[in-house]
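Each chain, written out:
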Amino acid sequence: MDKPISGTMIYYYMVCKRKVWYFYNQIQMEADNENVQIGKIIDENTYEREDKHINIDDVINIDYIRSKGTLHEVKKSKKIEEAGIMQIKYYLYYLKQKGVENINGKVDYPLLKQSINIELTDEDESNIENMLVDLKEIVNKPLPPLLEKKQICKKCAYFELCYI
Ligand code: SF4
């Protein structure tokens with residue numbers, strides 16, 4: 001049976017198709033990666049007063065929810081901004097499928113002291129549906145997609161695996 005597609009998988013799909021293949025197929029190297037550790041430190045030291053990490057169905061893991069139904073996703077930089085935005089749109093999409101509407105999202109960049117407001121449009125919904133079809137096709141293949149060198153590779157947890 002197919003595993004559910006989580007928000008992290010959507011994020012990785014946007015960043016690198018090979019990365020989402022590794023992650024879905026349970027090859028995880030995140031714990032030792034310096035960038036992941038920086039992310040954890042930000043997580044532990046920001047927004048301390050909020051209820052954090054609200055997990056729904058193991059599919060979405062919302063960083064925190066503030067009043068008036070705003071879901072927050074915290075990122076350390078804007079480098080892969082589009083992926084962070086899509087991750088929170090996926091949360092809004094997933095909750096809408098469950099009948100939860102009239103909520104919105106925010107991506108927070110505490111290090112930059114900035115936030116971006118996110119709404120889910122009809123176009124986003126159809127993009128997410130197409131993305132889910134493509135993502136499932138990729139992760140169910142026996143091998144990961146071919147390596148395409150990118151700027152972000154040097155900071156990726158899977159660098160050593162891709163570049164041995
Ligand atoms: S090292 Fe590069 S190609 Fe490999 S998973 Fe990471 S981002 Fe993708």
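Residues numbered from 1 in each chain as written. Predicted model: local features only at pLDDT ≥ 70, side-chain atom pairs only at ≥ 80, totals over all residues. Heavy atoms only, no water.

Caption draft 1: How the structure looks around the environment of lysine 89. Looking at where lysine 89 falls in the secondary structure, it is placed in helix α4 (residues 81-97). A relative accessible area of 16% means that lysine 89 is categorised as buried. With residues up to four places along the chain from it excluded, the contact list for lysine 89 reads Ile118, Glu119, Leu120, Asp124 and Ile128. (Helix = DSSP H or I, 4+ residues; strand = E, 2+ residues; numbered from the N terminus. Buried < 20%, exposed > 50% of the residue type's maximum accessible area, 1.4 Å probe, protein only. Contact = heavy atoms within 4.5 Å.)

Caption draft 2: Focus on helix α1 (residues 7-15). Among the nine residues in α1, seven count as buried, and that is most of the element. All of the buried residues along α1 are Gly7, Met9, Ile10, Tyr11, Tyr12, Tyr13 and Val15. Structurally, α1 contributes buried residues whose contacts are with α2 (17-24), α4 and α5 (122-139).

Caption draft 3: Region of the structure containing unusual backbone geometry. The phi dihedral of glutamine 26 is positive, around 60°, even though this residue is not glycine. Structurally, glutamine 26 is set in the loop between α2 and α3 (34-45). For glutamine 26, a relative accessible area of 61% translates into the label exposed. The residue asparagine 102 is not glycine, and still its phi comes out positive at about 55°. The residue asparagine 102 is located in the loop between α4 and β4 (104-109) in this model.

Caption draft 4: Expanded view of the pairing of strand β3 (residues 70-74). Burial analysis of β3 places five of its five residues in the buried class, which makes it a mostly covered element. The pairing of strand β2 (residues 60-66) with β3 spans three bridges and is classified as antiparallel. Opposite isoleucine 65, over in β3, you have leucine 71 as the bridge partner. Summarising the sheet, β3 and β4 pair through five bridges and their orientation is parallel. Bridging across to β4, glutamate 73 finds its partner in valine 107. (Pairing = 2+ DSSP bridges.)

Caption draft 5: A look at the environment of aspartate 108. Here aspartate 108 is to be found in strand β4. Here the alpha-carbon distance between aspartate 108 and glutamate 73, two residues 35 residues apart in the chain, equals 6.1 Å.

Caption draft 6: Seen up close, the packing of aromatic side chains. Counted under the stated rule, the structure contains seven aromatic pairs. With centroids separated by 6.2 Å and ring planes inclined at 55°, the aromatic side chains of tyrosine 11 and tyrosine 12 adopt a geometry described as tilted. With a relative accessible area of 16%, tyrosine 11 lands in the buried category. On the basis of relative accessibility, which here comes to 7%, the residue tyrosine 12 falls in the buried class. Through a chain of ring-to-ring contacts, the aromatic side chains of Tyr11, Tyr12 and Phe23 assemble into a single cluster. In this arrangement the basic side chain of lysine 17 is found over the ring face of tyrosine 13, its NZ or CZ atom lying 4.2 Å from the centre. (Phe/Tyr/Trp six-rings, centres within 6.5 Å; stacked < 30°, edge-to-face > 60°. Lys NZ or Arg CZ within 6 Å of the ring centre and 35° of its normal.)

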